[in-house]
Amino acid sequence: MQHPAFEEVTFHPDHSDEVSFKKKIIKTTVILSIITLIELGLGLLIHALHLPDNLGRLLIKGVIIILSLAKVFYIVSVFMHLGDEKRNMIMTIVVPSMLFIWFMVAFMADGVSFKNLRNKYNNDYKVGGMPAKAQPSQNTAPITPGGRN
Amino acid sequence: MSTQTTTAQQVRWWSGGKSPFNLEYGKLMMWYFLISDALTFGGFLISYGTVRFSQNYWPDPNVVFNAFPGAGHANLPLAFVSVMTFILILSSVTMVFAVHAGHNHDKKGVIKWLFWTIIGGFAFLACQAWEWTHLITGEHLVLADGKLDMIGQTMSANPWGELVTDKAALANALNATPHDMLVKIVHSHNHTQSIQELAAMTDQQLKGMVNVAEMHIREKGPVGFGNFFYEITGFHGFHVFTGVMANIVMLVMTQKNVFEKRGHYLMIEKAGLYWHFVDLVWVFVFLCFYLI
């Protein structure tokens, strides 16, 4: 089918059939809603069970993250129609996004390292994670490790 | 040119004469803009993660986000933000239908679905305005600098630190709390007396009306929590706002037959991509601030 504006593009609305298009969108909406409800349930579960910061809690959070990624997949591939594009096009979007894998791993590791260094070397940092009390000079002092954030 | 005989599998996308991505220029550039915008949001969210990982304590979202409009002090964790999430998902769906109506050159359909998308966008912004107002003005008891204080969540401080369980420290803090603050604390927990009546009482009387052991008094929380919350939800809210404005422009242009005369509704598609991206970012904001 000829593209309405550009002759070098072949236009291919994959949903030529109204009924199947509607079905696909409603199905995606239901999937997104159900995933959101499961995520909320798991978020409340962490709260209701008063889970300590242990492996079980991390596991539930991991499941929530994977469910969110599933939501992202459905939004991008169905709502934004990236799934209907040429493979070339999909790759030009997906491959640069892979940068986020390094981005997240590197910076989360950095955060953990900050925490460990502060706990080791900065006595102002008590277990609660806030600067120690009765140190009014800390607000005006130049940046000290752990003085802000 | 022997393209007549080539089949779909043999199309040479990169040898010129056709768009290698089989996509018009504007739509491709919208995708590339969205990639760069995703990197901006990613940078914000990842710096939030870095700061969060660098702290020994981080507030529990179920404690922070537990209010619902009109529900008073009822503890309803995550209820309001789920309403916001569903509003955004539904407005994304109406946008899909608007784009589809555009493909079919159905002007009435485009107008109808764009209208609902705009309503959804405004509803989301209204929810966010309520939430911010509630967080900023809703004051909670904290123990800070050896005194009791009442603060809301701002860029510089928030009341979401750890629960204070040391009874002696709480008793000392109550003793060190000034008169005006005592009046405020008693008034916030007991609405039977007016501010004037309470202000006329002595410190001793007021302290007798405060039971620090039952008040869930916290320390101040990590400053980064409020900072990143307002920065990132604010930046997302700004995106929603610009998206709504773009949709309104599309609605007016459709109404004025601009697309009808042009022969295609491709602009609706580009606005739609942006609008879905706003929904996409919310998935991550929702995940990072409210769920985990």
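Here the structure is a predicted model, which is why all the values come from computation and not from measurement.

Calculation rules
- Residues numbered from 1 in each chain as written.
- Chains lettered and ligands numbered in written order.
- Predicted model: local features only at pLDDT ≥ 70, side-chain atom pairs only at ≥ 80, totals over all residues.
- Heavy atoms only, no water.
- Contact = heavy atoms within 4.5 Å.
- Buried area = accessible area lost by both parts, 1.4 Å probe.
- Salt bridge = Lys/Arg side-chain N within 4 Å of Asp/Glu carboxyl O.
- Polar contact = N/O pair within 3.5 Å; in protein donor to acceptor, adjacent residues only side chain to side chain.
- Helix = DSSP H or I, 4+ residues; strand = E, 2+ residues; numbered from the N terminus.
- Nonpolar A, V, L, I, M, F, W, Y, C, P; charged D, E, K, R; others polar.
- pLDDT = per-residue confidence, 0-100.
- Buried < 20%, exposed > 50% of the residue type's maximum accessible area, 1.4 Å probe, protein only.
- Phe/Tyr/Trp six-rings, centres within 6.5 Å; stacked < 30°, edge-to-face > 60°.
- Core = buried A, V, L, I, M, F, W, Y, C linked by side-chain atoms within 4.5 Å.
- Axes fitted to C-alpha atoms, helices over the stretch in contact; angles between N-to-C directions.
- Parallel < 35°, antiparallel > 145°, perpendicular 65-115°, else oblique.
- Left-handed = near helix turned anticlockwise from the far one by under 90°.

Visitor: Lay out the interface of chain A and chain B in plain terms, naming residues and giving numbers.
Guide: Across the boundary between the two partners, chain A contributes 65 residues, which contact 68 residues of chain B. Note on chain A versus chain B: buried area summed over both sides is about 6000 Å², and carbon and sulfur give 72% of it. On the surface where chain A and chain B come into contact, there are 1 salt bridge. The interface formed by chain A and chain B holds 10 residue pairs in polar contact (both at pLDDT 80 or more) in total. Listed by contribution, the elements that provide at least two residues to the side of chain A that touches chain B are helix 1 (18-48), helix 2 (55-79), helix 3 (87-97) and helix 4 (99-121) of chain A. For the side of chain A that touches chain B, the element with the highest residue contribution is helix 1 of chain A, accounting for 14 residues. Here the side of chain A that touches chain B is composed, by residue class, of 34 nonpolar, 18 polar and 13 charged.

Visitor: Break down the confidence of the model for chain B for me, citing the residues and quoting the values.
Guide: For chain B, mean pLDDT is 90; residues scoring 70 or higher make up 97% of the total. Of the regions scoring below 50 in pLDDT, residues 1-6 of chain B engages in 0 contacts with residues more than four places distant in sequence or in other chains.

Visitor: Account for unusual backbone geometry, with residues named and values stated.
Guide: Residue and element names in this part refer to chain B. Here the phi dihedral of Leu 78 falls at roughly 65°; this positive angle occurs in a residue that is not glycine. Secondary-structure assignment places Leu 78 in the loop between helix 2 (61-64) and helix 3 (79-103). The class for Leu 78 is buried, based on a relative accessible area of 1%.

Visitor: Now, about the environment of Phe 277 of chain B: what can you tell me, with residues and values included?
Guide: Residue placement: Phe 277 of chain B occurs in helix 11 (residues 266-291). In this structure the C-alpha to C-alpha distance between Phe 277 of chain B and Ile 35 of chain B, which are 242 residues apart in sequence, comes to 9.7 Å. Aside from chain neighbours lying at most four places away, what touches Phe 277 of chain B is Met 80 of chain A together with Leu 34, Asp 37, Ala 38 and Phe 41 of chain B.

Visitor: Tell me about the packing of aromatic side chains, and name the residues and values.
Guide: Evaluation of the coordinates by the stated rule reveals 30 aromatic pairs over all chains. Relative to Phe 103 of chain A, the ring of Phe 100 of chain A has its centre 6.1 Å away and its plane inclined at 20°; by these criteria the two rings are stacked. One end of the pair, Phe 100 of chain A, and the other, Phe 103 of chain A, are both in helix 4, 3 residues apart, so they sit about a helical turn from each other. In this structure, Phe 100 of chain A and Phe 103 of chain A share a single accessibility class: buried. When the ring of Phe 65 of chain B is compared with that of Phe 225 of chain B, the centres are 6.4 Å apart and the planes differ by 40°; the resulting orientation is tilted. Of this pair, Phe 65 of chain B sits in the loop between helix 2 and helix 3 while Phe 225 of chain B sits in helix 9 (residues 223-255), placing them 160 residues apart in sequence. We classify Phe 65 of chain B as buried; its relative accessible area is 7%. Relative accessible area serves as the criterion here: at 2%, Phe 225 of chain B is assigned to the buried category.

Visitor: Just give me the short version of the nonpolar core, but keep the residues and values in it.
Guide: Counting residues in each nonpolar core, the largest one holds 85 residues, and the members touching the most others are Trp 31, Ile 268, Trp 282, Phe 289 and Tyr 290 of chain B. Of all the secondary structure elements, the ones that give two or more residues to this core are helix 1, helix 2 and helix 3 of chain A together with helix 1 (25-53), helix 3, helix 4 (107-137), helix 9 and helix 11 of chain B. Per-element tally for this core: the top contributor is helix 11 of chain B, with 18 residues. When near neighbours in sequence (up to four residues on either side) are disregarded, Ile 268 of chain B contacts Met 95, Ala 98, Val 99, Val 110, Leu 114, Met 250, Thr 254 and Phe 259 of chain B. If you look at the next biggest cluster of nonpolar residues, it comprises 20 residues, including Ala 173, Met 181, Leu 198 and Ile 217 of chain B.

Visitor: Can you explain the packing of helix 1 of chain B against helix 11 of chain B? Please cite residues and give values.
Guide: Residue and element names in this part refer to chain B. The interhelical angle for the contact between helix 1 and helix 11, taken along N-to-C directions, is 15°, at an axis separation of 10 Å. By the angle class used here, helix 1 and helix 11 are roughly parallel. Regarding helix 1 and helix 11, the two cross each other, and that crossing is right-handed. Within the contact between the two elements, helix 1 uses Gly 26, Lys 27, Met 30, Trp 31, Phe 33, Leu 34, Asp 37, Ala 38, Phe 41, Leu 45, Tyr 48 and Arg 52 and helix 11 uses Glu 269, Lys 270, Leu 273, Tyr 274, Phe 277, Val 281, Phe 284, Cys 288 and Phe 289. Its residues placed into classes, the contact of helix 1 with helix 11 shows 15 nonpolar, 1 polar and 5 charged.

Visitor: Account for the pattern of salt bridges, with residues named and values stated.
Guide: Residue and element names in this part refer to chain B. On inspection of all chains with the given rule, the structure shows 5 salt bridges over all chains. Measuring nitrogen to oxygen at the nearest pair gives 2.5 Å for the salt bridge that ties Lys 27 to Glu 269. Here Glu 269 lies in helix 11 and Lys 27 lies in helix 1, a separation of 242 residues in the sequence. The same class applies to Lys 27 as to Glu 269, namely buried.

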